[in-house]
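Read off the chains here:
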Amino acid sequence: MTIKDVATLAGVSVATVSRVINNDPVVKDKLKKKVLNIIKEYNYIPNNIGRSLRKLKSEMLLIMLPTLSNPFYSKILKGIEDSANIKGYGVLNIVTHNKLDLEQKYLNLLKTKQVDGVISLNSTLSFEEINNIAKNYPFVQCCEYTNKSNIPYVMIDNYKAAYDSVSYFIKEGHKNIALISGNQYTCSENLRKKGYSDALSNAGIEINKEYIEVSDYKPKTGYEICKKFMSCKNPPTAILAVSDMLAIGATNFLMTNSFDVGVDVEIIGFDNASITEVYMPTISTIAQPRYELGQISVDLIMEKINNLNTLNKGITLPHKLLLRQTTRRHLK
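Predicted model, so just to flag it, every value in this text is computed and none were measured.

Peer 1: In this structure, what is going on with the sheet that holds strand 8 (residues 238-241)? I would like to understand it.
Peer 2: Taken in spatial order, the 6 strands make up an open sheet running 7-6-8-9-10-12, and their pairing is mixed. This sheet does not close on itself; its edge strands, each paired only once, are strand 7 (212-214) and strand 12 (320-322). The sheet shows a mean angle of 15° between the axes of neighbouring strands, taken without regard to direction. Pairing analysis gives 4 bridges linking strand 6 (residues 177-181) to strand 8, with the strands arranged parallel. Bridge pairing in strand 8 links Ala178 to Ile239. Contacting strand 6, strand 7 and strand 9 (266-271), helix 10 (residues 187-202) runs over the sheet at an angle of about 175° to strand 6.

Peer 1: How do you make sense of the nonpolar core when you look at a structure like this?
Peer 2: Within soluble globular proteins, side chains that are nonpolar generally end up buried alongside one another. Judged by nonpolar contacts, the single largest core of 37 residues is most densely connected at Ile180, Tyr196, Ile239 and Leu254. When contributions to this core are tallied by element, the ones reaching two or more residues are helix 9 (158-171), strand 6, helix 10, helix 11 (219-230), strand 8, helix 12 (244-256) and strand 9. Among the nonpolar cores identified, the runner-up in size contains 24 residues, and Ala84, Ile119, Leu121 and Ile305 belong to it.

Peer 1: It is not clear to me how the environment of Ile212 should be interpreted in this structure. Could you clarify?
Peer 2: Residue position: Ile212 is located in strand 7. Separated by 40 residues in sequence, Ile212 and Asn252 place their C-alpha atoms 19 Å apart. Filtering out sequence-adjacent residues up to four positions away, Ile212 remains in contact with Leu179, Lys193, Tyr196, Ile207 and Phe229.

Conventions we followed
- Residues numbered from 1 in each chain as written.
- Predicted model: local features only at pLDDT ≥ 70, side-chain atom pairs only at ≥ 80, totals over all residues.
- Heavy atoms only, no water.
- Pairing = 2+ DSSP bridges.
- Helix = DSSP H or I, 4+ residues; strand = E, 2+ residues; numbered from the N terminus.
- Axes fitted to C-alpha atoms, helices over the stretch in contact; angles between N-to-C directions.
- Contact = heavy atoms within 4.5 Å.
- Core = buried A, V, L, I, M, F, W, Y, C linked by side-chain atoms within 4.5 Å.
- Buried < 20%, exposed > 50% of the residue type's maximum accessible area, 1.4 Å probe, protein only.

Geometric values such as these leave the question of function open.
Here it is as structure tokens:
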């Protein structure tokens with residue numbers, strides 16, 4: 001049975017049945033009772049999704065994460081949740097595992113208005129798909145930005161962060177500088193790789209392809225890649241890893257193979273995860289203002305929820321190079 005069937009049996013309009021279901025005081029008691037009796041008699045169950053479509057707002061945000069295993073996201077989520085709660089919103093965190101079909105599936109929650117907006121921390125959608133969604137629904141990217149898309153985003157300058165790290169190594173006298181990179185389809189990773197390459201080129205240092213490896217961000221992978229680096233004829237004396245977990249894996253290999261980390265080989269990670277301050281040796285890293293990234297992403301999505309036609313802002317937050325025990329300058 002549909003709401004239309006109920007309306008026909010009651011001799012009223014569909015709009016009147018809808019008002020009765022939503023307990024609208026405008027409907028007279030006699031008419032209301034008649035509709036409710038038919039609903040009860042025929043065991044009609046209202047379509048909750050259909051009802052939600054008629055609501056102005058769900059007061060929920062959908063947060064799309066690629067994984068929960070990376071501690072990088074913890075402070076970002078805290079910033080999102082705190083800011084959303086202040087604004088009277090709840091959050092629904094889902095994990096896509098970087099699978100396009102899952103991402104497209106969960107976006108139906110936005111299209112059916114079960115959530116008011118989406119904050120994506122790493123999208124696998126094409127720029128055409130993202131642009132199409134953003135034209136019709138509130139959609140914001142946090143930490144990442146899809147090239148050619150026209151949507152609000154907040155992130156750091158990943159190019160400069162990598163450039164600054166490699167420039168530090170060069171000032172310390174290094175020429176054999178390696179990069180443990182990440183997923184090449186993301187904007188941030190492409191920018192970090194370019195920052196690495198440009199810093200070397202601008203210093204007149206030839207780029208050695210043996211010193212560049214792609215990873216999956218896991219510590220074990222960092223360990224294995226570092227092992228491969230150190231088996232080169234001329235092994236690197238400095239390594240930039242695009243995540244702290246990779247830096248820890250590389251550090252672990254060096255320590256278990258009698259290298260003096262921070263002296264024989266310098267290592268800089270990325271993100272300033274809390275473990276970097278307590279791991280021994282402590283990990284030098286690029287710090288991202290993760291809590292603030294989360295907060296600002298909520299500000300951006302609320303602007304779009306309140307007015308979809310507002311200007312699409314791109315916000316870049318500052319990063320900081322933190323030197324700890326895996327780099328020489330900390331030891332001086």
